[in-house]
Amino acid sequence: MTEKDFYKKAAIYWANVPATIDGVLGGFGNFSDIDIDGSRAFLNKVLSSANPPATKLALDCGAGIGRVTKHLLIHYFEKIDLVEPDLKFITEAKINIGDDVTKLGTLYQTGLQNFRPHKNYDVIWCQWVLGHLNDSDLIKFLSRSKEALSKNGLIIIKENITTSKEVEYDEDDSSMTRPLELMTKIFDQVNLRIIHSDIQLLYLL
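If you check an unreviewed UniProt entry, the protein appears there as Alpha N-terminal protein methyltransferase 1 from Bombyx mori. Database annotation for the protein, UniProt heading Sequence similarities (unreviewed entry): "Belongs to the methyltransferase superfamily. NTM1 family."

What follows deals with helix H6 (residues 135-147). Taking 1.5 Å per residue, 13 residues should reach 18 Å; H6 reaches 19 Å between its end C-alpha atoms and fits that length. Where H6 is buried, its residues meet helix H1 (3-15), strand S1 (57-61), strand S4 (121-127), strand S5 (149-158) and helix H7 (180-189).

Turning our attention to the state of the cysteines. Applying the stated criterion to the full structure yields zero disulfides. Here Cys 61 is not cross-linked by a disulfide; its sulfur's nearest cysteine counterpart is in Cys 126, at 3.9 Å. When its relative accessible area of 0% is taken as the criterion, Cys 126 is described as buried.

Once that is clear, we can look at the sheet that holds S5. One open sheet holds the five strands; their spatial order is S3-S2-S1-S4-S5, and the pairing between them is parallel. Looking at strand neighbours, the two that pair on one side only are strand S3 (104-108) and S5, the edges of this open sheet. Within the sheet, the average angular offset between the axes of one strand and its neighbour, ignoring direction, is 15 degrees. Relative to strand S2 (residues 79-83), S1 runs parallel, the two being bridged by five bridges.

At Asn 152, a residue that is not glycine, the phi angle is positive and equals roughly 65 degrees. Locating Asn 152 in the fold gives a position in strand S5. The class for Asn 152 is partly exposed, based on a relative accessible area of 35%. The phi torsion at Asn 191 lies on the positive side, around 60 degrees, for a residue other than glycine.

Under the counting rule described, the total for this entry stands at four aromatic pairs. Relative to Phe 89, the ring of Trp 14 has its centre 6.3 Å away and its plane inclined at 70 degrees; by these criteria the two rings are edge-to-face. You can see Trp 14 sitting in helix H1 and its partner Phe 89 sitting in helix H5 (residues 87-97), a full 75 residues away along the chain. In this structure Phe 89 comes out as buried when scored by relative accessible area, which is 2%.

Attention now moves to the side chain of Glu 84. Secondary-structure assignment places Glu 84 in the loop between S2 and H5. Among buried charged residues, Glu 84 stands out as having no salt bridge; its nearest opposite-charge side chain is Lys 88, 7.3 Å away. Among residues more than four places away in sequence, those in contact with Glu 84 are Gly 62, Ala 63, Gly 64, Phe 89, Ile 90, Tyr 108, Gln 109 and Thr 110.

With that settled, the discussion passes to the UniProt feature "binding site: S-adenosyl-L-methionine" (unreviewed entry) in the protein. Taking the UniProt record as the reference, the feature "binding site: S-adenosyl-L-methionine" (unreviewed entry) is found at Gly 62, Arg 67, Leu 112, Gln 113 and Gln 127. Along the chain, the position of Arg 67 falls in helix H4 (residues 67-71). You can call Arg 67 buried: its relative accessible area is 5%. Excluding its chain neighbours within four sequence positions, the residues that come into contact with Arg 67 are Ile 21, Leu 25, Ser 32, Asp 35, Ile 36, Asn 96, Gln 127 and Trp 128. A distance of 2.8 Å separates a polar atom in the side chain of Arg 67 from a polar atom in the side chain of Asp 35. Inspection of the secondary structure assignment puts Gln 127 in strand S4. Exposure remark for Gln 127: the relative accessible area of 7% places this residue in the buried category. Not counting the four nearest positions on each side in its chain, Gln 127 is found in contact with Asp 35, Ser 39, Cys 61, Arg 67, Val 68, Lys 158 and Glu 159. Within polar-contact distance, the side chain of Gln 127 engages the side chain of Trp 125 at 3.0 Å.

What counts as what
Residues numbered from 1 in each chain as written. Predicted model: local features only at pLDDT ≥ 70, side-chain atom pairs only at ≥ 80, totals over all residues. Heavy atoms only, no water. UniProt positions renumbered as here; feature names shortened; annotations may be inferred. Helix = DSSP H or I, 4+ residues; strand = E, 2+ residues; numbered from the N terminus. Expected span 1.5 Å × (residues − 1). Contact = heavy atoms within 4.5 Å. Disulfide = S-S within 2.5 Å. Buried < 20%, exposed > 50% of the residue type's maximum accessible area, 1.4 Å probe, protein only. Pairing = 2+ DSSP bridges. Axes fitted to C-alpha atoms, helices over the stretch in contact; angles between N-to-C directions. Phe/Tyr/Trp six-rings, centres within 6.5 Å; stacked < 30°, edge-to-face > 60°. Lys, Arg positive; Asp, Glu negative; His and termini not counted. Salt bridge = Lys/Arg side-chain N within 4 Å of Asp/Glu carboxyl O. Polar contact = N/O pair within 3.5 Å; in protein donor to acceptor, adjacent residues only side chain to side chain.

This is the structure:
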């Protein structure tokens, strides 16, 4: 598959996904609260560390309908910018966030492979989106993100990883799931240092 086809196929897939929590989570909307609880615990650890990032401006990458912004980031940061290529998701995000819409900063309608930060961010939040970038574009995106961090700023990445050492491709949404070893290798290429990591546990209640 060519690079152009890789991104085009993903765009077509998401264009046909409803702008709902169940839609953006691939039918697993019931996991949303558990996911947010895990992210909140992680973010609390980060913000209580010895050299925490500031909480003025965050960037939500692959923001979808603003689920993570609404239920997590908006409670910690003064402003949040969103990056999301699908227009209907951006439109829904503004509605979904409701009374806190004044905390929204700039909403960028573009894919991460084309996104160029023009601000300095305290936290750049990437969740279940980096699999939509090929390795080359992921390295470039992380390099640009690194340069866009404010003092003590962090890139927080929450992604699925394979249990094997192989990359797994999803033909439906044109994405890939990478093994931890490959993710770590990519971080090393960009001179990013892992300062904290954790595993999200999902429990069916």
